[in-house]
Structure formats: structure tokens, C-alpha cells
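Here are the chains, one letter per residue:
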Amino acid sequence: ETAVFQTPNYHVTQVGNEVSFNCKQTLGHDTMYWYKQDSKKLLKIMFSYNNKQLIVNETVPRRFSPQSSDKAHLNLRIKSVEPEDSAVYLCASSLRRANTEVFFGKGTRLTVV
Amino acid sequence: GDSVTQTKGPVTLSEGTSLTVNCSYETKQYPTLFWYVQYPGEGPQLLFKVPKANEKGSNRGFEATYDKGTTSFHLQKASVQESDSAVYYCVLGNQGGSAKLIFGEGTKLTVSS
């Protein structure tokens, strides 16, 4: 099966901890993304990588850092989580950089207590 | 900057009734417009896209026309089913190569039998 796979599905952690989320796509795409979806279902792009190069870096707190080892993998690390980081983090990929279908994973739900 | 505004939800309909979700966009470029749908527990998935002004897109009984004159891209379906219950996003993709999709705020649709 070809798709976008995220782990873990859920994560509960305390304020100040570090967390990492993993994402892998088996679609052969060149571009990968991290989106944040809040409790009101608002979707905002955080980062985008094309062939391991960062091409979009929205206004995101510095405690968030993406990591790409190859074009099929894009991880997200949060150094010291805050309560406002509670959200669903969606990984996605696309064949090209713009105006093309984006395929999403099922998301990682982060709860910060 | 680019933006998308759509019908504020939630929207509740009975099976067999018609649906319209309004979508307006703002951009100085020539975008591709998309409708994405997100079912519970899943990531958003493409419903359809329309790359050119004055053209119509459709899928699974849903349709929308890219109206450059009124900068609108309203989603319509003549007869909704319970399985259409989901969150619908109007999305703008710019052509600047920055790989950003701009999502509307989403409209949650619940269809009851």
C-alpha cells in the first residue's frame, strides 16, 4: 500500500518535555509537509521540504524543528512543549511543489497536560 | 496576502436535501482551487480540483465552478447522504512555486437520516 504513514497516532506529555513525530511516504513524492490542525479544525502549514531542502517555513516557534533524512521521510521535533501545542499534526506529501494534489497522513494527536 | 473564506459551520442537513458551501478567495495570482474533505479519524483528502477559471470540477456528486469574476468557488450537491458527513475545506493553491496551500476554515457537515 502506498500512502503517508505517521507515528505515533496519539501522544500525551507534560509541559516542557520533548516530543518527536515520524512521517514516511511511499508515494515517491518529492515534496513533504507538516500541517497543524487545531481544535476548531483550522489547518495551517508549518513546514515544507522539497528533496530534503526546506522551502517553506511559516511563523512557527523555534522549539519546532523539522528533520528530513531523505525525500521519503520528514520528522518533527518539539523541544519543550507548551499547552498551546496541543493539536493534530498532519504530515503530507505531493509530487510537485505547487498546485498539485497533496496526500495527507492520518495525523498525530498531541495532548500537552 | 492570499486568503480563503468559507461558510461557517456546523451545517446540519437531512438526507436527500441539497448542500451549498460558500467559498470566496483573495489572491493577486492565478490559483488552482481545490475542495478537500476530511472524514473523522482521517487526514484531508482531495475531493476535486479546478486549475482554470470558468471551469467546473466534480466528484461523487459534488461540484463547484471556478468563478474568477466573483472570486468564488462554491461547493454544491443536489442530494446529500449520511456518508457525506465530514469537514469540507476550500483550498487555494498559488502558482508561485512556494508549495503552499491556503485552507479555508473548514465547514463541518452532519447529515442525518
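In case you missed it, the structure is sitting above this.
So, a few notes on the structure that sits alongside this text. Owing to the predicted nature of the structure, the values given are computational and were not obtained by experimental measurement.

1. Quick notes on the overall build of chain B
Move 1: Summing up its helical and strand segments, chain B has zero helices and twelve strands in all.
Move 2: Going from N to C terminus, chain B has its helices and strands arranged as β-β-β-β-β-β-β-β-β-β-β-β.
Move 3: Expected size for 113 residues packed as a compact globule is a radius of gyration near 13 Å; at 14 Å, chain B falls within 12% of this value.
Move 4: Taken along the three principal axes of its C-alpha coordinates, chain B extends 45 × 30 × 20 Å.
Move 5: Within chain B, the proportion of its 113 residues that are buried is 46%.
Move 6: For chain B, restricting intrachain contacts to residue pairs at least 6 apart in sequence, the fraction spanning at least 24 positions comes to 54%.
Move 7: With an accessible surface of roughly 5,300 Å², chain B has 46% of that area assigned to carbon and sulfur atoms.

2. Here we look at empty space enclosed by the protein
Residue and element names in this part refer to chain A.
Move 1: In the structure shown here, the tally under the stated rule is two cavities of 30 Å³ or more.
Move 2: If you add up the space inside the second largest cavity, you get close to 40 Å³.
Move 3: D30, M32, Y49, N51, K52, S68, D70, K71, H73 and L74 are the residues that line the second largest cavity.
Move 4: When contributions to the lining of the second largest cavity are tallied by element, the ones reaching two or more residues are strand 7 (64–70) and strand 8 (73–78).
Move 5: Its residues assigned to classes, the lining of the second largest cavity shows three nonpolar, three polar and four charged.

3. Thoughts on the state of the cysteines
Move 1: Counted under the stated rule, the structure contains two disulfides over all chains.
Move 2: One disulfide bridge connects C23(A) with C91(A), the sulfur atoms lying 1.9 Å from each other. Its S-S torsion of approximately -80° makes the covalent link between C23(A) and C91(A) left-handed. Here C23(A), found in strand 3 (residues 19–25), pairs with C91(A), found in strand 9 (residues 87–94); they are 68 residues apart in sequence, far enough to count as distant.
Move 3: On the accessibility criterion, C91(A) (0% relative accessible area) is buried.
Move 4: A sulfur-sulfur separation of 1.9 Å characterises the disulfide bridge that pairs C23(B) with C90(B). Here the S-S torsion is close to -65°, and the disulfide linking C23(B) with C90(B) is therefore left-handed. With C23(B) in strand 4 (residues 23–26) and C90(B) in strand 10 (residues 86–93), the pair connects residues that are 67 residues apart, well separated along the chain.
Move 5: With a relative accessible area of 0%, C23(B) lands in the buried category.

Calculation notes
Residues numbered from 1 in each chain as written. Chains lettered and ligands numbered in written order. Predicted model: local features only at pLDDT ≥ 70, side-chain atom pairs only at ≥ 80, totals over all residues. Heavy atoms only, no water. Helix = DSSP H or I, 4+ residues; strand = E, 2+ residues; numbered from the N terminus. Rg over C-alpha atoms; globule rule 2.2 N^0.38 Å. Buried < 20%, exposed > 50% of the residue type's maximum accessible area, 1.4 Å probe, protein only. Contact = heavy atoms within 4.5 Å. Areas by Shrake-Rupley, 256 points an atom, 1.4 Å probe, with all protein chains shown as cover. 1 Å grid on protein atoms, 1.4 Å probe; cavity = no way out; pocket = protein on both sides within 12 Å on 5 of 7 lines; lining within 4 Å. Points joined across faces, edges and corners; volume = space filled by probe spheres on them. Nonpolar A, V, L, I, M, F, W, Y, C, P; charged D, E, K, R; others polar. Disulfide = S-S within 2.5 Å.

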